[in-house]
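Descriptive structure summary
Next come the chains, spelled out residue by residue.
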Amino acid sequence: MRYLDGEVRLGPQPDITRQCPADWVLDVSISQLADELQLNRDCPAVHSSDDIALTADRRLAADEYTIDIRGTGTDHDGGPGSGSNREDNDSTEPASARITIAAGGEAGLRYGIQTLRQIVRQSPHTLPCLHIQDKPAFATRAYSLDVTRGRVPTLSFLQWFADQLAFYKYNQFQLYVEHTFAFEGLSESWRGTDPLTAEDIKQLDRYCAARGIELVPSLATFGHMYMNLRTRSYRELGEFPEQAGRPFSFVERQEHHTLNAADSRALRFAQGLIGQYAPLFRSRFFNIGGDETFDLGRGQSAKDAPNASRSELYAGFVAGLCRTLAEHGSTPMLWADIALESPETMALLPHDIIMLNWMYEPEIDEGKVRAIAEQGRRQFVCPAVRTWNRLFPDFAGAWTNITRMAEAGRKYGAEGMLVTDWGDYGNVNDPRLSLPGLCYGAQQSWNPGECGAGADCGCDSSDNGVADDFAAMNARISRLVYGDASGRVMGELATLAGSGTSFTWDLVVQTLELDAGDGSLNTQVAARVERMYDKGVLAFDRAQGYVDARRRLLMANRDMIMQRDACNRVLNDGKYAIRAALIGDSAESAEADRVQNHPRYGESDGFGRAGEHRDDGLTNTNRTYELVRIMTKGQRLLNDLGVELLAMAELDTGVGPDAGAPDSAGNASAESQSVDGTDSPTEQRYRLATQLELWFERYRQSWLEIGRPAELDRIAHVVWSHADILRAGELR
């Protein structure tokens, strides 16, 4: 991008002229641009000669574009007569705008329009004269949204999300599905989940296509078949059919879910799912999953095919799925983790598969990207927005992970980047809070490494006078996404998310699910939890039962839980800083607080339609603050819950009060105590239980703004069960 001299004033109704091929599908993009101008220009249409020309330039690549913003009578170089033309006339009014967007193809012109929308959104008064020439680093820029592990979004929300993807110039969208699609013959699996329907998919597919986004089917067809394999109809197809009747468990859902690759019926079952699902999409790609097949070769398949290796079982099953896809004219995509574990497995797989190479930690193993490249295979690098098991995403970890995966992908010739958004343990995270992570992915898949901090980054640059890229990117998001001219909201949100948690949602779930439901220790959950810790850090005594296991788990996390007071201060300070930046300490701010405290918050759906940026529920300032407030309140209560549970654990061990949690042997936080401090520990626990239940009702309303009820009751069970534990005053 090159800035030129001067600026122009663009009215809300310029002439938008098409000077490009008539068959380029641009109607929606042009309509979005017109809506953007109507919503975000604070000036009257004083310049009748304002003009935006959309042109073809065959010298550019199909996905490449240029934008030139000039005043009338200016040249491309911003020389004499450019910008305001003040030397040529006495007017102090900026010149009429002449904007040209040129591209080598339909996609490029669409991306240029979206970039102009971004400029307009951040420049409500005047536009800078400039020249941009731009194209993406990755040909495919995809986003995968989990719609199966708790949340099933409404079709309206999915359309809103597609609009965000288009605005940030993604060109592929995947909905990750295990059991939340209404497959024929599988009602036993999807009942009670408010599943997506064939008509939902067809409508979304059309909606995405009109915006230049390819909706790609993404379906678990091998591993992650937990709900399907719990049914009486299909449990015999799994590795451990004898365990199908176990009580539902969030933890176990992530563990035991693999089809028996040695059973031809299992392959036919998975092929049948593909046969129903693939025809609903116009895309010629299909993500068949295939990740985390933990049980493969450990159960029934070992009996059915004793001479087959795990590599042979895995590759043979995947090859069978690929044959079905070939019949539908589709190219398979496959999560790469199992193939990367064994060169034998990789060698046996069909070569036309696109390998989805996922790594979600901030520190990545670049060698995995190199290994697939050296095989000559196609691959996407797949980072994560790091939302699972959290009320707030791990923004800092997501930025680092996405940045490093983009760098590795560029280095080793990956053809795409697929940003993933997961919802383990019930999808308690709100996908509206994934939007900053979506922006991180957009930046690094389009212009990786080009997010240098500037003087106007809005961040604290006291560290040697240089602000890092993360702070600079957050400042940009503050302005573009949240309309915060100070550039500070996103930085505050990142600090709040990164330093405000002392008792995590996964610990909340694991502590509860150590009870098998019949008073005994859930040994499956216990084994999984032990593996999450370094060897020797946590070991459960199976003979002592679930109460002892809960005590050990809490004590293993004692240092983190005891950070409650500091974490709650971060949450409070961050919440008020965000409020001040968004809506100020004004009557409007007070009204937002009043609405937030109302039991139903009003009737807004929490987001808007295409083009309604200022009222879309995430970027609307009042709604943004309400969402932040709901989540900060929830995390504060979880932090307090951790302290209370730890106090019970220490009481069981006979540890004295001085060694307990920070507030007098584990009393709840100051917020939950009476003003005079005379409440007994029992009264404080009861009060915290009530606060959790009241908070959940607020959270429920927020959930239903964008999603169907789906598995919301399972989250309610976790919250209410802990409220019962608080009232009982013991870990049982």
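Since this is a predicted model, take the numbers as computed values, not measurements.

Side note on the nonpolar core
Core analysis: the biggest nonpolar cluster contains 177 residues, and Tyr 168, Phe 173, Leu 175, Leu 259, Tyr 277, Tyr 440 and Trp 505 have the highest contact counts within it. Broken down by element, the residue count for this core peaks at 13 residues, all from helix α23 (residues 621-653). Setting aside anything within four residues of it in sequence, one finds Tyr 277 in contact with Val 177, Phe 181, Phe 183, Ile 201, Pro 217, Ser 218, Leu 219 and Phe 286. Counting residues in hydrophobic clusters, the runner-up holds 29 residues, among them Ile 101, Leu 116, Ile 119 and Cys 129.

Quick word on the sheet that holds strand β3 (residues 51-56)
The strands that make up a sheet are held in pairs by hydrogen bonds between backbone atoms, and each pair lies either parallel or antiparallel. Read from one edge to the other, the open sheet built from six strands follows the order β1-β6-β4-β5-β3-β2, with strand pairing classed as mixed. What marks the edges here is a single partner per strand, and that holds for β1 (2-8) and β2 (15-19). Strand-to-strand twist in this sheet, taken as the mean axis angle between neighbours without regard to direction, amounts to 20 degrees. Relative to strand β5 (residues 97-103), strand β4 (residues 65-71) runs antiparallel, the two sharing seven bridges. The residue of β5 that forms the bridge with Ile 67 is Ile 101. Set on the sheet, helix α2 (residues 106-122) makes contact with β3, β4, β5 and β6 (127-134); between it and β4 the angle comes to about 45 degrees.

Quick notes on helix α17 (residues 505-513)
Since one α-helical turn is 3.6 residues long, residues separated by three or four positions face the same way. Taking burial as the measure, the nine residues of α17 include eight buried ones, the bulk of the element. Along α17, the positions that sit buried rather than exposed are Trp 505, Leu 507, Val 508, Val 509, Gln 510, Thr 511, Leu 512 and Glu 513. Considering only its buried residues, α17 is in contact with α6 (250-253), α18 (523-531), α19 (545-556), α20 (558-561), α23 and α25 (712-728).

A word on the pairing of β5
Across the seven residues that make up β5, a large majority, five, are buried. Alignment of β3 against β5, held across six bridges, turns out to be parallel. Bridging across to β5, Ala 53 finds its partner in Thr 100.

A look at the packing of α17 against α25
Orientation of α17 relative to α25, taken along the N-to-C sense of each, is 70 degrees, at an axis distance of 10 Å. As summarised for this structure, α17 and α25 are arranged roughly perpendicular, according to the angle between their axes. The way α17 lies across α25 gives a crossing that is left-handed. Counting all contacts with α17, which are made through Trp 505, Val 508, Val 509, Thr 511 and Leu 512, the residues of α25 involved are Ile 715, His 717, Val 718, Val 719, Ser 721, His 722 and Ile 725. Of the residues belonging to the contact of α17 with α25, the class tally is eight nonpolar, four polar and no charged.

Digging into the confidence of the model for the protein chain
This prediction gives the protein chain a mean pLDDT of 88; 85% of its residues lie at or above 70. For the stretch residues 76-82, pLDDT sits under 50, and the model shows 14 contacts to residues farther than four places along the chain or on other chains. Here residues 656-676 is a poorly scored stretch, pLDDT under 50, and it has 47 contacts once near neighbours within four places are set aside; other chains count.

Here we look at unusual backbone geometry
In this model, Asp 194 sits at a positive phi of 50 degrees, which is unusual for a non-glycine residue. Mapped onto the secondary structure, Asp 194 falls in the loop between α4 (187-190) and α5 (198-209). Among the residues examined, Asp 194 registers a relative accessible area of 30% and is labelled partly exposed. Phi is positive for Asn 389, close to 60 degrees, though the residue is something other than glycine. Following the sequence through the fold, Asn 389 ends up in the loop between β13 (379-382) and α13 (395-411). Classification of Asn 389 by relative accessible area gives buried; the value is 11%.

What to know about the pattern of salt bridges
Taken as a whole, this structure holds 38 salt bridges when the rule is applied. Residues Asp 27 and Arg 18 are paired through a salt bridge, measuring 3.3 Å at the closest nitrogen-oxygen approach. A residue is classified by how much of its surface remains accessible, and Asp 27, at 59% relative accessible area, is exposed. The salt bridge involving Glu 374 is made with Arg 370; its shortest N-O contact spans 3.8 Å. With Glu 374 and Arg 370 both in helix α12 (residues 366-374), this residue pair falls four residues apart, about one helical turn. We classify Glu 374 as exposed; its relative accessible area is 64%. Judged by its relative accessible area of 35%, Arg 370 falls in the partly exposed class. One continuous salt-bridge network, built from bridges that share partners, spans Asp 430, Arg 432, Arg 623, Glu 626 and Glu 705.

Some points on the packing of aromatic side chains
Here the distance between the centres and the angle between the planes together describe a pair of aromatic rings. The tally for this structure, following the rule as stated, stands at 30 aromatic pairs. Ring centres 5.3 Å apart and planes at 20 degrees place the aromatic pair Phe 222 and Tyr 314 in the stacked group. With a gap of 92 residues between them, Phe 222 in the loop between β9 (214-219) and α6 and Tyr 314 in helix α9 (residues 310-327) connect regions that are remote in the sequence. By the burial criterion, Phe 222 is buried, and Tyr 314 matches it. An aromatic cluster of at least three residues, connected via ring pairs, comprises Tyr 143, Phe 157, Trp 160, Phe 161, Tyr 170 and Phe 173. When the ring centre of Trp 446 is taken as origin, the NZ or CZ atom of Lys 169, which lies over that ring, is 4.8 Å away. Residue placement shows Arg 390 over the ring face of Trp 388; its charged tip is 5.4 Å from the ring centre.

A few points about the side chain of Asp 424
With respect to the element layout, Asp 424 can be found in the loop between β14 (416-421) and α14 (435-446). Side chain to side chain, Asp 424 and Gln 254 meet in a polar contact 3.3 Å long. Excluding its chain neighbours within four sequence positions, the residues that come into contact with Asp 424 are Arg 149, Gln 254, Trp 388 and Asn 389.

Some points on empty space enclosed by the protein
To find leftover empty space, one rolls a probe the size of a water molecule over the atoms. The final tally for this structure, using the stated rule, is six cavities of 30 Å³ or more. Put simply, the largest cavity is a space of about 200 Å³. Among the residues making up the lining of the largest cavity, the classes are represented as five nonpolar, five polar and six charged.

Regarding the side chain of Gln 379
You can see Gln 379 is positioned in strand β13. A polar side-chain atom of Gln 379 sits 3.1 Å from a polar atom in the side chain of Asn 357. Beyond its immediate chain neighbours, meaning those up to four positions away, Gln 379 contacts Ile 354, Met 355, Asn 357, Val 369, Ile 372, Ala 373, Ala 414, Glu 415 and Gly 416.

Some remarks on the pairing of strand β8 (residues 172-177)
Of all the six residues making up β8, six are buried; the element is thus mostly covered by neighbouring parts of the structure. Side chains of β8 alternate between two faces, with Gln 172, Gln 174 and Tyr 176 and Phe 173, Leu 175 and Val 177 buried alike. Direction of pairing for strand β7 (residues 140-146) relative to β8: parallel, over a ladder of five bridges. In the strand pairing of β8, Ala 142 is matched with Gln 172. Note that the unit made of β7, helix α3 (residues 155-167) and β8 has a crossover that is right-handed. In the sheet, β8 pairs with β9 via six bridges, with the strands oriented parallel. Directly across from Val 177, in β9, lies its bridge partner Leu 219.

Reading the values: rules and limits
Residues numbered from 1 in each chain as written. Predicted model: local features only at pLDDT ≥ 70, side-chain atom pairs only at ≥ 80, totals over all residues. Heavy atoms only, no water. Core = buried A, V, L, I, M, F, W, Y, C linked by side-chain atoms within 4.5 Å. Buried < 20%, exposed > 50% of the residue type's maximum accessible area, 1.4 Å probe, protein only. Helix = DSSP H or I, 4+ residues; strand = E, 2+ residues; numbered from the N terminus. Contact = heavy atoms within 4.5 Å. Pairing = 2+ DSSP bridges. Axes fitted to C-alpha atoms, helices over the stretch in contact; angles between N-to-C directions. Parallel < 35°, antiparallel > 145°, perpendicular 65-115°, else oblique. Left-handed = near helix turned anticlockwise from the far one by under 90°. Nonpolar A, V, L, I, M, F, W, Y, C, P; charged D, E, K, R; others polar. pLDDT = per-residue confidence, 0-100. Salt bridge = Lys/Arg side-chain N within 4 Å of Asp/Glu carboxyl O. Phe/Tyr/Trp six-rings, centres within 6.5 Å; stacked < 30°, edge-to-face > 60°. Lys NZ or Arg CZ within 6 Å of the ring centre and 35° of its normal. Polar contact = N/O pair within 3.5 Å; in protein donor to acceptor, adjacent residues only side chain to side chain. 1 Å grid on protein atoms, 1.4 Å probe; cavity = no way out; pocket = protein on both sides within 12 Å on 5 of 7 lines; lining within 4 Å. Points joined across faces, edges and corners; volume = space filled by probe spheres on them. Right-handed = clockwise from strand over helix to strand, strands pointing away.

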